[in-house]
Protein chains: 2
Amino acid sequence: MTESRLQQLRTFMAAHQLDAAIITLPKHVYYLTGFFSEPHERFLGLIIPSDGEPTLVVPALDREAAEQASSVKQIATHSDTDNPYEVVKRLLKGRLQRVGLEKSHLTVNRYEALAAALEAETYVDLEAPLQEMRMIKSPDEVARIRKAIDVVEKVLAEGLKKVKAGVTELELVAELEYLMKRMGAEGPSFSTMVLAGENSALPHGHPGDRTIREGELLLFDMGVALDGYVSDITRTFAVGEINERQKEIYQTVLAANLAAIEAVRPGAALASLDKTARDLIAAKGYGEYFTHRLGHGMGMDVHEYPSVHGKNQDALRPGMVFTIEPGIYLPGVGGVRIEDNVLVTETGCEVLTSFPKELTVIG
Amino acid sequence: MTESRLQQLRTFMAAHQLDAAIITLPKHVYYLTGFFSEPHERFLGLIIPSDGEPTLVVPALDREAAEQASSVKQIATHSDTDNPYEVVKRLLKGRLQRVGLEKSHLTVNRYEALAAALEAETYVDLEAPLQEMRMIKSPDEVARIRKAIDVVEKVLAEGLKKVKAGVTELELVAELEYLMKRMGAEGPSFSTMVLAGENSALPHGHPGDRTIREGELLLFDMGVALDGYVSDITRTFAVGEINERQKEIYQTVLAANLAAIEAVRPGAALASLDKTARDLIAAKGYGEYFTHRLGHGMGMDVHEYPSVHGKNQDALRPGMVFTIEPGIYLPGVGGVRIEDNVLVTETGCEVLTSFPKELTVIG
């Protein structure tokens, strides 16, 4: 797997006439070699010369771990007294014209130290090819995402047992994040959201001391990180009996979620999914209350490409994984969002999340 | 407070002949204005021309929040369709020679976009003056640190009730992080460590499925983040009866902790604290098992200046806050670390942490 990724990067390098590429974001080093390490202030980098084999440069204390995990077998080390950028320079013989770097990750002082050692003429950003590659998931990546989904769904099922009138949003958040660790996750993939009543109408609200009350909507938006990959699911519940208006927005969002999923197939435009959901919500008169894009890619990050919004005319491709999360937010009243994680397959769509979506009364 | 900090920055600017300083790290914008915001991909910056008043540049949607919180009253906004760097350029009239930036924070692509708009001749790193300022805490900062300490000590006291043979390290971590949120913390200030038995001999171990057993040492290293500031405390306990060797290393570490605290006073060298603790541990024959520095500064970050190690000849100054955390780690047997947070006062030292340190049997 890492071999074909390196090959894709080499294609970009050739197209942009790069003499070398230097990968320093830890998750991209992992993506291209299978070795994950967070080196903090130390230097970690994958050095890929256009005319030779790649070398993984690691702090001396990581040599053994790198040798075991990395598919790139040429490994160079540096001690705390070495200048790691000189180690990089020695690996790249000769005069350098164009070198690829991750400009959205590298800090200016690292860049200056690297540039002082390399003395290349031009530095080119490598973000585009890496984002492009990451957009299409391998079977191994899908398996890891499934695992992260499995854990978060078990956590949600277990956490729901704690819902009763009088419990606060923050108490439920604490309970859920506790369950995540208990069930083997490294932790939440983003700050867990439990929003009750009128708070559920805030798409980016903060859980607080608001208590859960009968007759209200209760929204959970949560995910876990596990083995380098994440999940991200939203479900909204009725606490006790809710009114007709609340039921109507629930059913409208559910219909939009199902219709958008139905529209997922290779070749369709990402924008068409957003439009499908938005048109359905607008037809019910709630168009102005669906205030965000339909979804976002996910994988190693909880937000990555593709972006599922109304202006993205890119075509769906097999291997893409993204969220479908329509919502309706009535200020002062409450909101509903139903979010699934889907995989584009050769023939259509597989919904990776399996938590029930029918309106459910809890508490 | 923010006024005198801006004044200190201006002193640095004058000494380095800067035409302007541009602060973009959110916590530094907060430190200099009182306004905290995490703008993600949007631009947030405090622009300080050498010859005029500072301006806070915020995304349009943050104007109201910035007006309320910021002590810098001149506020400029940019919308998502503006180039924020052009907004910055307009605030800095005339030809720019030297401009200060946070090079250890700014990414290369932001730097390139900023440089393309500003066209200054030289960019100077502002990290040094900010680190220097942050090293001396204001009364308000000390009050926030005290609050973070108070919460983590309550969490530890409560969490200890869950310790019994058979419980795993990870279950205790989950319980502690649950209590942190319940008690009002934003979350842990670093990954909570609970290490049992031989795992306690790993200064940077990872809690796992190891169960707590009678006759072993149990080490807790934890802190919380609250209102922008952190705490960081370590205590080691005996689970049931422990042997003489374990007791000896406990008492040796405790003596080193107390002796180092006793040595804290303005004017003393940071190195002398490390030496005091290290000499005492070496005299008991455990010198080679105290494998890290004595401590580190803390405040907005859990690791900041000053560094309390044997080569740091800088003098202690009133307002410094740092950890004192001697340890002895016997491979395969177990380890003890006792970590306090101290404040250098005009006359000596105030120990901010108050959790008891006498050898305590739990479980």
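Residues numbered from 1 in each chain as written. Chains lettered and ligands numbered in written order. Predicted model: local features only at pLDDT ≥ 70, side-chain atom pairs only at ≥ 80, totals over all residues. Heavy atoms only, no water.

Chemist: Explain the interface of chain B and chain A to me, using residue names and the numbers behind them.
Modeler: With 20 residues of chain B at the contact, the number on the chain A side is 20 residues. It is Lys103, Val108 and Lys181 of chain B in chain B that bury the most area against chain A; as a group they hold 32% of the surface buried on that side. Connecting chain B to chain A are six salt bridges. Run the count over chain B and chain A and you get 10 residue pairs in polar contact (both at pLDDT 80 or more). Elements with a contribution of two residues or more to the side of chain B that touches chain A: helix H5 (108-118) and helix H8 (169-182) of chain B. Broken down by element, the residue count for the side of chain B that touches chain A peaks at nine residues, all from H8 of chain B. (Contact = heavy atoms within 4.5 Å. Buried area = accessible area lost by both parts, 1.4 Å probe. Salt bridge = Lys/Arg side-chain N within 4 Å of Asp/Glu carboxyl O. Polar contact = N/O pair within 3.5 Å; in protein donor to acceptor, adjacent residues only side chain to side chain. Helix = DSSP H or I, 4+ residues; strand = E, 2+ residues; numbered from the N terminus.)

Chemist: Before we move on, could you go through the packing of aromatic side chains and cite the residues and values that matter?
Modeler: For the structure on display, the rule yields 11 aromatic pairs over all chains. Centroid distance Phe43 of chain A to Tyr85 of chain A: 5.4 Å. Interplanar angle 70°. Geometry classified as edge-to-face. In this pair, Phe43 of chain A sits in the loop between helix H2 (26-33) and strand E2 (45-49) while Tyr85 of chain A sits in helix H4 (residues 84-91), placing the two residues 42 residues apart along the sequence. One exposure class covers both Phe43 of chain A and Tyr85 of chain A, and it is buried. Judged by centre distance (5.5 Å) and plane angle (75°), the rings of Tyr111 of chain B and Tyr123 of chain B are edge-to-face. On the criterion of sequence distance, the pair formed by Tyr111 of chain B in helix H5 and Tyr123 of chain B in strand E6 (residues 122-125) is long-range, its members being 12 residues apart. The residues Tyr111 of chain B and Tyr123 of chain B share a single accessibility class, namely buried. Put simply, the rings of Phe220, Phe237 and Phe355 of chain A touch in pairs and so form one group of aromatic residues. Over the ring of Tyr31 of chain A we find Arg5 of chain A, and its NZ or CZ is 3.9 Å from the ring centre. (Phe/Tyr/Trp six-rings, centres within 6.5 Å; stacked < 30°, edge-to-face > 60°. Buried < 20%, exposed > 50% of the residue type's maximum accessible area, 1.4 Å probe, protein only. Lys NZ or Arg CZ within 6 Å of the ring centre and 35° of its normal.)

Chemist: Talk me through the domain arrangement of chain A; I want residue IDs and the actual numbers.
Modeler: One widely used convention gives an interface's size as the accessible area the parts lose upon coming together. Residues and elements named next belong to chain A. Along its sequence, chain A is organised into domain 1 (2-134) and domain 2 (136-362). A straight line from the C-alpha centre of domain 1 to that of domain 2 covers 36 Å. Between domain 1 and domain 2, the buried area comes to about 890 Å², and carbon and sulfur atoms account for 36% of it. Run the count over domain 1 and domain 2 and you get five salt bridges. Here domain 1 is connected to domain 2 by 10 residue pairs in polar contact (both at pLDDT 80 or more). Counting only elements with at least two residues in the side of domain 1 that touches domain 2, the list comes to H2 and helix H6 (127-135). (Domains from an automatic or database assignment.)

Chemist: I'd like to hear about the relation of the copies chain B and chain A, residue by residue, with values.
Modeler: Between chain B and chain A, which share one sequence, the superposing operator has a rotation angle of 180° and an axial displacement of 0.1 Å; the RMSD is 0.0 Å. Taken together, the turn and the small shift mark the pair as related by a two-fold rotation axis. Judged by C-alpha distance, Thr107 of chain B is the residue of chain B that lies nearest the rotation axis, at 2.1 Å. In this assembly, 100% of the residues forming the interface of chain B have copies in chain A that are likewise at the interface, indicating an isologous arrangement. (Least-squares fit on C-alpha atoms with pLDDT ≥ 70 in both.)

Chemist: So what about the sheet that holds strand E7 (residues 187-188) of chain A? Which residues, and what values?
Modeler: Residues and elements named next belong to chain A. Sheet architecture is open: three strands sit in the order E7-E10-E11, paired in antiparallel fashion. If you trace the sheet from one side to the other, it starts and ends with E7 and strand E11 (229-230), each paired once. Sheet analysis places E7 next to strand E10 (residues 224-226), joined by two bridges and oriented antiparallel. Note that in E10 the partner of Pro188 across the bridge is Val224. (Pairing = 2+ DSSP bridges.)

Chemist: Just give me the short version of the nonpolar core, but keep the residues and values in it.
Modeler: The biggest cluster of nonpolar side chains holds 42 residues, and the ones touching the most others in it are Ile22 and Leu118 of chain A together with Ile22, Val99 and Leu118 of chain B. Every element with two or more residues in this core is listed here: strand E1 (20-23), H4, strand E5 (98-101) and helix H5 (108-118) of chain A together with strand E1 (20-23), helix H4 (84-91), strand E5 (98-101) and H5 of chain B. Those residues in contact with Val99 of chain B, other than ones at most four positions away along the chain, are Leu18, Ala20, Ile22, Leu118, Ala120, Thr122, Tyr123 and Val124 of chain B. Grouped together as the second largest cluster of nonpolar side chains are 37 residues, Leu9, Leu44, Ala66 and Val72 of chain B included. (Core = buried A, V, L, I, M, F, W, Y, C linked by side-chain atoms within 4.5 Å.)

Chemist: Pulling in residues and values, what's your account of the environment of Ala148 of chain A?
Modeler: One can find Ala148 of chain A in helix H7 (residues 139-159). For Ala148 of chain A and Val224 of chain A, which are 76 residues apart along the polypeptide, the C-alpha to C-alpha distance reads 5.9 Å.

Chemist: Now, about the pattern of salt bridges: what can you tell me, with residues and values included?
Modeler: Residue and element names in this part refer to chain A. In total, this model carries 54 salt bridges over all chains according to the counting rule given. Arg63 serves as the salt-bridge partner of Glu67, at 3.1 Å between the closest nitrogen and oxygen. Placement of the pair is Glu67 and Arg63 together in helix H3 (residues 63-69), with a separation of four residues, close to one helical turn. Relative accessible area serves as the criterion here: at 32%, Arg63 is assigned to the partly exposed category. Close ionic contact of Asp221 with Arg337 constitutes a salt bridge, the shortest N to O distance being 2.8 Å. Of this pair, Asp221 sits in strand E9 (residues 216-222) while Arg337 sits in strand E17 (residues 334-337); the two residues are 116 residues apart in sequence, bridging distant segments of the chain. Neither residue differs from the other here; Asp221 and Arg337 are each classed as buried. Put simply, Lys27, Arg134, Lys137, Asp301 and Glu304 are held in one network by salt bridges that share partners.

Chemist: Any details on the sheet that holds strand E4 (residues 75-78) of chain B? Residues and values, ideally.
Modeler: All names here are of chain B. Pairing within the open sheet is mixed, and its six strands lie in the order E4-E3-E2-E1-E5-E6. This sheet does not close on itself; its edge strands, each paired only once, are E4 and E6. When strand polarity is set aside, the average angle formed by the axes of neighbouring strands in this sheet is 25°. Alignment of strand E2 (residues 45-49) against strand E3 (residues 55-59), held across three bridges, turns out to be antiparallel. Each residue of the ladder has a partner; that of Leu46, found in E3, is Leu56. (Axes fitted to C-alpha atoms, helices over the stretch in contact; angles between N-to-C directions.)

Chemist: I'd love a proper account of the side chain of Glu169 of chain B, names of residues and values included.
Modeler: All names here are of chain B. Relative to the helices and strands, Glu169 is located in helix H8. One buried charged side chain, Glu169, makes no salt bridge at all; its nearest oppositely charged neighbour is Arg210, positioned 5.3 Å away. From its side chain, Glu169 meets the backbone nitrogen of Gly208 in a polar contact 2.8 Å long. If near-sequence neighbours (up to four positions away) are discounted, Glu169 is found in contact with Val194, Leu195, Ala196, Asn199, His206, Pro207, Gly208, Arg210 and Ile212. (Lys, Arg positive; Asp, Glu negative; His and termini not counted.)

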